[in-house]
Every structure is written in C-alpha cells, then in structure tokens.
Amino acid sequence: MLSLDFAVNWIGTGVYPGDSNCYETAKMQTCENKRMENAMTTEFIHELTQIVGANAIRLNEPMKNHTTFRIGGPADVFVIPESPKALERAVECCKAYNIPWQIIGKGSNLLVGDKGIRGAVFRICQTMDSVTFEPLKGESVSVTAGAGILLSQLARRVAEEGLCGFEFASGIPGTFGGAITMNAGAYGGEMKPLIVYAKVLTPGGEILTLNQCELSMGYRTSIIQKKDLIVLEAAMVLRRGDKAEILAQMAELNGRRREKQPLEYPSAGSTFKRPEGYFAGKLIQDAGLKGYQLGGAQISEKHSGFVINTGEATADDVLQLIRHVQATVLEKFGVTLEPEVRMIGEFATVLND
Ligand SMILES: Cc1cc2nc3c(=O)[nH]c(=O)nc-3n(C[C@H](O)[C@H](O)[C@H](O)COP(=O)(O)OP(=O)(O)OC[C@H]3O[C@@H](n4cnc5c(N)ncnc54)[C@H](O)[C@@H]3O)c2cc1C
C-alpha cells in the first residue's frame, strides 16, 4: 500500500524554511520552491492514486526488476495501469503536473541508466492483454489484441486457433505493443506486413487509429517511437493453416534460438541493428571482440551480437562496452554500428545520440 507520508519526500531533500541551512535569502527561496514542489508532488501522487489505485503504483522502483538486462536504477513513480482508460487519465495527470513519463513493455529492448528515471514510468505488460478473433472472407481471420499481451502468449493463442504467419514472433520476449513500436522481426518475418491498424494514445491525450501506412514501420522503427505515441491495441490479419505444422514451426524456431543465443544470461537481445550489407555479430567477432568484457558486461561467447550481463553489470559498463565495440568496428571495417537497444533514464556518463 502506498504511503502518502513517503510520497511527500519523494522529490528532493525535504528541506523546509526554518531548517538550519536556510539562512540566506537565496537558500530560503530554494527551500520555498522545494516546499511547493513537495506539495505538488504529494498532490500528483494522490491524484494518480485515485486514478490507477494504490496497488498499481510503486515509488523508487528499481528498474532492474523490469528489464531483461536486469539493469537500471529507480524510477521515481512506477505505474502498472490496468486499462486503457486508466492509462489515458494517468498520462493526463502527468501532463497537468508537468511530470515527464515513459512507456515500457516487458523491458526486453531497454538499457535503463544506473541513476534511474525521473518522473513516471507506465508499464504495459500482461495487463491490457485481451485477444479477439473475427473470421473474414476466405481463409483470413482478424486478430485484435491489447498492447500488453506477451508475444509468446499471443503466438500460442493464435496457433491454438490454427492461424499461421505469426510463428516468427513466438520466441521474441516482448509485448505486442513493444513489438509494433520496434517493428520486431526474426527468421524472415516482421510485424509490419501483419498489422492492419493500431489504436494509439497521443501525448496530447487524443485516441487515434493509425493504419499500416500511417504507422511508418521500418527496420526496428515506427512512428510510435518518433512521436511518443502509446499503443493501446492493434489488429492483424492471419491465414488459416495447419495447427500441428504451426506448433512444430514455433518449436523449431525456438530450438534454434536456444542453440544460438545466450538465453542463460540477462540481455536485451541483439545490441546493434544490422548494418546494411553486414551482420553486426560477424563484424564484432571478426574485430576480435568475442568474449570481451568490461566490468560486468560482456560480448557473448555464444553470439557476438549480444552484450550480456554476467551478473553485476551496470548500465555504464554496457554503455562503455557499446562505445568500445562501435569504435573498434569503425576503425577496423569502416562500418558504423547503431544500437538497437533503447537507452532511457539517467546515466553516469553522458549519452551521445
Ligand atoms: C533474448 C532476446 C531475444 C530477442 N530477440 C529479438 C528478435 O528476434 N527480434 C527482435 O526484433 N527483437 C528481439 N529482441 C528485442 C525485444 O524483445 C524486442 O524489441 C521487443 O519487441 C521489445 O518489446 P518490449 O515489450 O519488451 O518493449 P520494451 O523493451 O519495454 O520497450 C521497447 C521500446 O518500445 C516502447 N514501447 C513498449 N511498449 C509500448 C507501447 N505499448 N506503446 C508505445 N511504446 C511502447 C518503449 O518505450 C521503448 O522505446 C530480443 C530480446 C531479448 C532479450
């Protein structure tokens, strides 16, 4: 249960006029500002609690508990909205109090800074996870799902219905919303051709339905990332197929993942995007960096495209390793590697774009 007494001290030091260090006018002003800030924060937390319920909010929540890298400092306010309506009102509340916010799904493509995230984090994962099927003409079926359903769960539901075309997604460890945002793909498949529309919330509080063209999905990108939209739900069209074959295909692809990827270690999957005409993992291996370690972060021995957390890696270890790899590959092969992993929050060292 959230304590409002605790919330009072959430931002800043809780210094008040009258404290021994508030002798000078400037300091008095700072203290007054801090007092107002704290009062505003208390009101913000109170209002947010009214909207999403006390059980849906945590303060100073370690983000390492919500990323597959198992890395990340505390988020000031961590919220798990149960419904699109609650999320919509919570975003409105942040706007009213000028509190910055971020959306995350399963956290499987994120590197969160060691100093954490200022403001609010909304996690859409395993809530907002409805699935409905609607037969269309011929062999096609429309599948509408909430942004928070895991791809593995959605793939299983779809396979149970005997629908094919989504097998590639079953081993990608994120949410439907995250996969649309990233245009996730594997083994020759990707989200883009399947998506008919996505219902999104804009930062301004509008709900829009964007069709496939409007979503501007490209290699690991979409309009969602560029405009800070929030995916609430989306629809895709799949074809009827043979259930046994679909399940066998999923098992085969997941077997390949287990064999080739270091799934026994925390990571965020492929660290770098595929540079045109090359494979990031091959370039990194050819640069002699396989197994290279910096602090607790290491280039996987099993797959050089993955940076893994060997146990106690910090976000800064990962960041320094990413920079070292980029510099080495550029120097040896003249190829620029761009991170696929999205970096959010505050890092000890400054992030370059
Ligand atoms: C072991 C492993 C294997 C992987 N294999 C693959 C692979 O084969 N192919 C591949 O493409 N990726 C792969 N990934 C990366 C990752 O799983 C995908 O990028 C996935 O789509 C991210 O989904 P998520 O829910 O975890 O999003 P997060 O990591 O939580 O967020 C990623 C981005 O999406 C945004 N976002 C998330 N949900 C929403 C939403 N509802 N609305 C708006 N924005 C949102 C976040 O703000 C962030 O910018 C792998 C990761 C791991 C750890």
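Residues numbered from 1 in each chain as written. Predicted model: local features only at pLDDT ≥ 70, side-chain atom pairs only at ≥ 80, totals over all residues.

Enquirer: Lay out the overall build of the protein with the relevant residues and their values.
Expert: On a plain count of helices and strands, the protein comes out with nine helices and 18 strands. By residue count, 41% of the 353 residues in the protein fall in the buried class. Nonlocal contacts in the protein, meaning residues at least 24 apart in sequence, comprise 65% of its contacts between residues at least 6 apart. (Helix = DSSP H or I, 4+ residues; strand = E, 2+ residues; numbered from the N terminus. Buried ≥ 20, exposed ≤ 12 C-beta atoms within 10 Å, placed from the backbone. Contact = placed C-beta atoms within 7 Å.)

Enquirer: Would you mind going over the nonpolar core in detail, with residue names and values included?
Expert: In terms of nonpolar packing, the biggest core is built from 94 residues, with Val79, Ala90, Val231 and Val318 touching the most fellow members. For this core, the element with the most residues is helix 9 (residues 315–333), which contributes seven residues. Not counting chain neighbours up to four residues away, the residues in contact with valine 79 comprise Leu48, Val52, Ala56, Ile57, Ala90, Ala120, Val121 and Phe122. (Core = buried A, V, L, I, M, F, W, Y, C linked by C-beta atoms within 7 Å.)

Enquirer: Can you tell me about the sheet that holds strand 3 (residues 101–104), naming the residues and giving the values?
Expert: The strand order 1-2-5-3 describes an open sheet built from four strands, whose pairing is mixed. Pairing within the sheet leaves two strands with one partner each, and these edge strands are strand 1 (57–62) and strand 3. Pairs of neighbouring strands in the sheet enclose a mean axial angle of 35°, with direction left out of account. Inspection of the sheet shows strand 3 paired to strand 5 (residues 117–123) by four bridges, in the parallel sense. Following the sheet pairing, tryptophan 101 is matched in strand 5 by alanine 120. Each of strand 2 (74–79), strand 3 and strand 5 is contacted by helix 3 (residues 84–97), which is oriented at about 165° to strand 5, the strand it contacts most. (Pairing = 2+ DSSP bridges. Axes fitted to C-alpha atoms, helices over the stretch in contact; angles between N-to-C directions.)

Enquirer: Describe in detail helix 9, supporting the description with residues and values.
Expert: Relative to the 27 Å expected for 19 residues at 1.5 Å per residue, helix 9 spans 27 Å between its end C-alpha atoms, a close match to the ideal helical length. Considered for burial, the residues of helix 9 that qualify are Ala315, Asp317, Val318, Leu319, Leu321, Ile322, Val325 and Val329. On its buried side, helix 9 packs onto strand 4 (110–112), helix 8 (280–286), strand 15 (293–294), strand 16 (297–299) and strand 17 (306–309). Directly beyond the C-terminal end of helix 9, a positive phi value near 70° is found at glycine 334. (Expected span 1.5 Å × (residues − 1).)

Enquirer: Break down the site of the ligand for me, with residues and values.
Expert: Around the ligand, 33 residues are found, and the nearest of them are Gly105, Gly174, Gly177, Gly178 and Gly269. Mapped onto the shell around the ligand, the elements with two or more residues apiece are strand 3, helix 5 (176–182), strand 9 (185–186), helix 6 (223–227), strand 13 (230–240) and strand 14 (267–270). Top element by residues in the shell around the ligand is helix 5. It accounts for five residues. Broken down by class, the residue content of the shell around the ligand amounts to 16 nonpolar, 15 polar and two charged. (Near = placed C-beta within 6 Å. Nonpolar A, V, L, I, M, F, W, Y, C, P; charged D, E, K, R; others polar.)

Enquirer: So, the sheet that holds strand 17: which residues are in play, and what are the values?
Expert: The four strands are arranged 14-17-16-15 in an open sheet whose pairing can be described as antiparallel. The outermost strands of the open sheet, each flanked by one partner alone, are strand 14 and strand 15. For strand 14 and strand 17, the ladder comprises two bridges, and the chain directions are antiparallel. Bridge assignment links serine 270 to a residue of strand 17, and that residue is phenylalanine 306.

Enquirer: Help me get a handle on helix 3, residues and values and all.
Expert: For helix 3, which comprises 14 residues, the first-to-last C-alpha distance of 20 Å matches the rise-based estimate of 20 Å (1.5 Å per residue) to within 8%. All of the buried residues in helix 3 are Pro84, Ala86, Leu87, Ala90, Val91, Cys93 and Cys94. After helix 3 finishes, the residue asparagine 98 shows a positive phi value of roughly 60°.

Enquirer: Describe the environment of lysine 260, listing the residues and the values that go with them.
Expert: Examined against the element boundaries, lysine 260 turns out to sit in helix 7 (residues 243–260). In the structure, lysine 260 is positioned 43 residues away from histidine 303 in sequence and 6.6 Å away in space, judged by C-alpha atoms.

Enquirer: An account of the confidence of the model for the protein is requested, with residue identities and associated values reported.
Expert: For the protein, per-residue confidence averages 91 on the pLDDT scale, and residues scoring 70 or more make up 88% of the total. A low-confidence stretch, residues 1–24 stays under pLDDT 50, and its non-local contacts, those more than four residues away or across chains, total 43 contacts. (pLDDT = per-residue confidence, 0-100.)

Enquirer: Describe the environment of valine 52, with residues and values.
Expert: As for its placement among the helices and strands, valine 52 is situated in helix 2 (residues 25–52). Looking at valine 52, the number of C-beta atoms within 10 Å reads 20, which means it is buried. Separated by 35 residues in sequence, valine 52 and leucine 87 have C-alpha atoms that sit 7.8 Å apart. Those residues in contact with valine 52 that sit more than four places away from it in its chain are Ile57, Val79, Pro81, Ala86 and Ala90.

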